[in-house]
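Structural description and commentary
This is what each chain is made of:
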Amino acid sequence: MRGRRIPLALLPAPSASVMRRQIVRVRLAEVLVLAPAIDSGQAKALHDLRIACKRLRYALELHRGALPPEAERAERTLAALQDLLGEIHDCDVLRSISAKGDAGGVARIIARDRRTLLARARRLWREAFGDDGALSELAPYAGLSSPQGAAGAAP
Amino acid sequence: MRLSPEIEVDAIGFDFDHTLGFDQQLELRFMLRYAAAAARRSGIAVDDDLEARAQALLMQARAGACSIDEAVAALLGQFISPEAARAESRRWRAEVVAAAPAWVRPLEGMRAGIARLEARGVPLAILTNGWSPLQEAKARAVGLAHLPILVSECIGVRKPAPGAFAALLDRLGTRAERTAYVGDDWQIDVLGARAAALPAVWVPEHAPSEEERRELPRRVLLIRSLEELAEESPERAPHRGRMMGEAPHPLAGWADELVCQRLRDFEERRIAALANPDDVEALHHVRTRARRLRAALEDLHEAYPHAGPMLRALKRLGRRTGAARDNDVLLERVERYCAAARGATREHLERMTRRLRQRRERLRKRALEAIESCLLLPGEGADT
C-alpha cells in the first residue's frame, strides 16, 4: 500500500510545526481508514494496516521532541501493534508456502497461532482507541475528531 | 562564506593526498626498496609480481583491512623471518616519515587557495585516511603544519564512515550543513561527506566527463583547483534539479536536516553490517533504518523534491534485505513448530526447515551485495 503524499500547497502558511501536524494527521488518517482490517482479519487488509501503523510510528519517531508528550505513548502502542500484525503476516506467508505436501497438520498449527495473535491485536487496538487510549489521545493534536467513531473495530 | 548558490559554509575540511599534496608513491617506493634489500640479503630472486603484491598490500592497509606495519611485514616476510620483517617494518616506518619532506609536493594552486581562505578567516582542518606521523609529516612538507590534522589511525575511524566526518566537525566546532569537505575521491570524499550531511567540493584528479558534470548531485561543487575555491562566485555550479533564480521551498532546510539525520543513521548501520557480514541482526538494522529513511522521504516529499533516485534505491535494497529477513523469521517459526510437532506434520516441517536453511545463505549474500552497493546521497544521485 502506497502512503499518501503530504500536500503542502494547501497549507495556509507552511512552517515546520504546521507540516509536522499535517504529516501526523495524514498518517493517522491512513491507519483509521484501514481499521476494518482488525475486524475482518483478512490477510491483505491486515498487512496494509501494519504498513500504515509503521508509517505513523516512523513519523512520530522522526519528530519526537517536537510533538506533544502523548505521541511517545502512541509510538510504543504502534510498535506493539506492528509486532503483532507482523507475526500474523508471517503466519500468512508460512501458510502459503507450507500448503504443498501438508496433510493439514501444519495448517492447523499456523491457524491456531494466528487466532491467538489476532485476538491480542484486537485487544490492543481496542485499548489504543479507548477513552484514554494512546491513539485516541493523539487524535486531537492531528486535528481529527475522536477516532472512536471511525469505521471498523475502533470501539 | 558562499561557495555556490546553494552552499554557504562557516568552515572547510580537506582531504590530504591528491587534494592538498601528493607523495609520488612514497610508501610503495620504500616498500619495494626494502623488499629488494631483504631479497638480496636472503639470496632470493625478486619476481615481476613484487610491485603488484606491494600495491595490493598497501591497498589493504588503506582500506583498513590491516595496519601499515602488517602490510610491510607481510611483503618483507617473503624474504626474511617474521621477526626480522617486523623489525624492518619499524625501520621502514621511520625512514618514510623522514623522507616525506623530499618526496611530498603541493598540488597546483593549493598554497594560493589556502592562503586566500585563511585571509578570509575561514577555519580550515585536514581529515585524512592514513597513519601517523606520516600524514602530519606530509602536511608539514607542504607548509600546512599549522592546520589541525585528523588522521584515521589516531581517531580510530576512516572515511567514508560518518564518524570520521563527525570528528572533523567536533574539531572545527561547526555544523555538518555549514562545513564543506574538499577531496579528490568520489566515493570516499564526496559520497562520504554527503552521507554525513556535509556539502562536498570535488577536485578530481582527472577531468570528469560532460555527463558526470551534468549529473552532479545536490550540494556538490566541482572545481579544478583549490584556487577556485577561494573565489566567491555565486554563479558557479547551480543545483541541477533547480533552475537558477528559482527559490527553494521555505521548508527545504528543515526537511534536509531531518532527511540527513535519517541518512546518517542508515549509513552507520550500513557500514556496521558490511564490517560484520555474519551478524544477522546488523543486516536487520540496515533494513529498518532504510525503511525509516524511506518513510521520511515520503513524508517530506514536497519540501524535499529530489528524493526520487534515493527512494528507488531504497526500494531495491528493501526487496533484497526483506527477502533475507523474512526467510530468517520464517525459519525461526518453523523450527519452533517443528520442536513441538510429531509424525507426518513434523516430517513436513523438517523438510520446510531444510529448504529455508538452504535459501538462507544465498539470500543473505544477495542482501549484503545490495547493502554494499547502496550508496545514497542526500537530495539525489542514489548510486546503486
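Residues numbered from 1 in each chain as written. Chains lettered and ligands numbered in written order. Predicted model: local features only at pLDDT ≥ 70, side-chain atom pairs only at ≥ 80, totals over all residues. Heavy atoms only, no water.

Remarks on the overall build of chain A
- A tally of helices and strands in chain A yields six helices and zero strands.
- Each helix (α) and strand (β) of chain A, taken in turn from the N terminus, gives the series α-α-α-α-α-α.
- Here chain A, with 155 residues, has 54% of them falling under the buried criterion.
- The long-range share in chain A, meaning contacts at least 24 apart out of those at least 6 apart in sequence, stands at 65%.
- Carbon and sulfur atoms make up 52% of the accessible area of chain A, which totals about 7000 Å². (Helix = DSSP H or I, 4+ residues; strand = E, 2+ residues; numbered from the N terminus. Buried < 20%, exposed > 50% of the residue type's maximum accessible area, 1.4 Å probe, protein only. Contact = heavy atoms within 4.5 Å. Areas by Shrake-Rupley, 256 points an atom, 1.4 Å probe, with all protein chains shown as cover.)

Observations concerning the overall build of chain B
- Per the secondary structure count, chain B includes 15 helices and 10 strands.
- Each of the 384 residues in chain B was classed as buried or not, and the buried ones make up 53%.
- Considering only contacts within chain B whose residues lie at least 6 apart along the sequence, 67% involve residues at least 24 apart.
- If you sum the accessible surface of chain B, you get close to 17300 Å²; carbon and sulfur atoms cover 49% of it.

Focus on helix 1 (residues 16-33) of chain A
- Its 18 residues give helix 1 of chain A an end-to-end C-alpha distance of 26 Å, which sits within 8% of 26 Å, the value for a rise of 1.5 Å per residue.
- Turning to helix 1 of chain A, its buried residues are Ala16, Met19, Arg20, Gln22, Ile23, Val24, Val26, Arg27, Leu28, Glu30, Val31 and Leu32 of chain A.
- Where helix 1 of chain A is buried, its residues contact helix 2 (36-40), helix 3 (43-62), helix 5 (105-128) and helix 6 (134-138) of chain A together with helix 12 (252-275) and helix 13 (280-299) of chain B. (Expected span 1.5 Å × (residues − 1).)

Brief notes about the interface of chain B and chain A
- Listed as interface residues are 32 residues of chain B and, on the opposing side, 37 residues of chain A.
- Counting the surface lost from both chain B and chain A, the interface buries some 2900 Å², and carbon and sulfur atoms represent 61% of this.
- For chain B, the biggest contributors to the area lost against chain A are Asp299, Arg333 and Tyr337 of chain B; these three give 22% of the whole.
- Our enumeration of links across chain B and chain A arrives at six salt bridges.
- Where chain B touches chain A, the interface holds nine residue pairs in polar contact (both at pLDDT 80 or more).
- At the level of secondary structure, the elements contributing two or more residues to the side of chain B that touches chain A comprise helix 12, helix 13, helix 14 (308-340) and helix 15 (343-373) of chain B.
- When grouped by side-chain class, the residues that make up the side of chain B that touches chain A number 16 nonpolar, six polar and 10 charged. (Buried area = accessible area lost by both parts, 1.4 Å probe. Salt bridge = Lys/Arg side-chain N within 4 Å of Asp/Glu carboxyl O. Polar contact = N/O pair within 3.5 Å; in protein donor to acceptor, adjacent residues only side chain to side chain. Nonpolar A, V, L, I, M, F, W, Y, C, P; charged D, E, K, R; others polar.)

A look at the sheet that holds strand 8 (residues 179-183) of chain B
Residues and elements named next belong to chain B.
- The sheet built from six strands is open, its strands ordered 7-6-3-8-9-10 with parallel pairing. Each edge of the sheet is formed by a strand with only one pairing partner; in this case those strands are strand 7 (149-151) and strand 10 (220-222). With direction set aside, neighbouring strand axes in the sheet form an average angle of 25°.
- Of the strand pairs in this sheet, strand 3 (residues 11-14) and strand 6 (residues 124-128) are connected by three bridges, and their pairing is parallel. Its bridge partner being in strand 6, phenylalanine 14 is matched across the sheet by isoleucine 126.
- Sheet strands touched by helix 8 (residues 162-172): strand 3, strand 6, strand 7 and strand 8. Its angle to strand 6, the strand with the most contacts, is close to 155°. (Pairing = 2+ DSSP bridges. Axes fitted to C-alpha atoms, helices over the stretch in contact; angles between N-to-C directions.)

Overview of the pairing of strand 3 of chain B
Residues and elements named next belong to chain B.
- Side chains of strand 3 alternate between two faces, with Ala11 and Gly13 and Ile12 and Phe14 buried alike.
- Sheet topology note: the strand 3/strand 8 ladder contains four bridges and is parallel. Each residue of the ladder has a partner; that of glycine 13, found in strand 8, is tyrosine 181.

Here's the deal with the packing of helix 13 of chain B against helix 15 of chain B
Residue and element names in this part refer to chain B.
- Interaxial distance between helix 13 and helix 15 falls to 11 Å at its minimum, and their mutual angle equals 50°. By the angle between their axes, helix 13 is oblique relative to helix 15. Between helix 13 and helix 15 the crossing geometry is left-handed. Contact residues: Val280, Leu283 and Val286 in helix 13; Arg364, Ala367 and Ile371 in helix 15. (Parallel < 35°, antiparallel > 145°, perpendicular 65-115°, else oblique. Left-handed = near helix turned anticlockwise from the far one by under 90°.)

Regarding the packing of aromatic side chains
Residues and elements named next belong to chain B.
- Within the structure shown, the criterion is met by five aromatic pairs over all chains.
- Each ring, one from phenylalanine 30 and one from tryptophan 103, has its centre 5.6 Å from the other, and the planes form 65°; the classification is edge-to-face. In this pair, phenylalanine 30 is assigned in helix 1 (residues 26-42) and tryptophan 103 in helix 4 (residues 82-103), connecting sequence segments 73 residues apart.
- For phenylalanine 30, a relative accessible area of 3% corresponds to the buried category. (Phe/Tyr/Trp six-rings, centres within 6.5 Å; stacked < 30°, edge-to-face > 60°.)

Focus: the pattern of salt bridges
- By the definition in use, this model includes 37 salt bridges over all chains.
- With a shortest N-O distance of 2.9 Å, aspartate 113 of chain A and arginine 333 of chain B are connected by a salt bridge. Highlighted residues: aspartate 113 of chain A in helix 5 and arginine 333 of chain B in helix 14, drawn from two different chains.
- On the accessibility criterion, arginine 333 of chain B (3% relative accessible area) is buried.
- A salt bridge links glutamate 8 of chain B to arginine 2 of chain B; its shortest N-O distance comes to 2.9 Å.
- Through salt bridges with shared partners, a single ionic network connects Arg27 and Glu30 of chain A together with Asp299 of chain B.

Overview of the packing of helix 3 (residues 68-76) of chain B against helix 4 of chain B
Residue and element names in this part refer to chain B.
- Between helix 3 and helix 4, the least distance of the axes is 8 Å, while the angle of their chain directions is 125°. Of the possible angle classes, the one that applies to helix 3 and helix 4 is oblique. In terms of crossing hand, the pair formed by helix 3 and helix 4 is right-handed. Here Ile68, Asp69, Val72, Ala73 and Leu76 of helix 3 come into contact with helix 4, specifically with Ala85, Arg86, Glu88, Ser89, Trp92 and Arg93.
- Per-class residue counts for the contact of helix 3 with helix 4 are six nonpolar, one polar and four charged.

Description of the nonpolar core
Residue and element names in this part refer to chain B.
- Counting 60 residues, the largest nonpolar core has Leu3, Ile12, Phe14, Leu20, Trp92, Leu144 and Leu229 as its most contacted members.
- By residue number, the principal contributor to this core is helix 1, which donates nine residues.
- Not counting chain neighbours up to four residues away, the residues in contact with leucine 20 comprise Phe14, Asp15, Arg105, Pro106, Leu107, Met110, Ile114, Ile126, Leu144 and Leu226. (Core = buried A, V, L, I, M, F, W, Y, C linked by side-chain atoms within 4.5 Å.)

Topic: the confidence of the model for chain A
Residues and elements named next belong to chain A.
- Scored by pLDDT, chain A comes out at a mean of 86, with 84% of its residues at no less than 70.
- When mean pLDDT is taken per element in chain A, helix 3 scores highest with 96 and helix 1 scores lowest with 90.
- Long-range and interchain partners of residues 148-155, a stretch whose pLDDT sits below 50, account for 23 contacts in this model, where long-range means more than four residues apart. (pLDDT = per-residue confidence, 0-100.)

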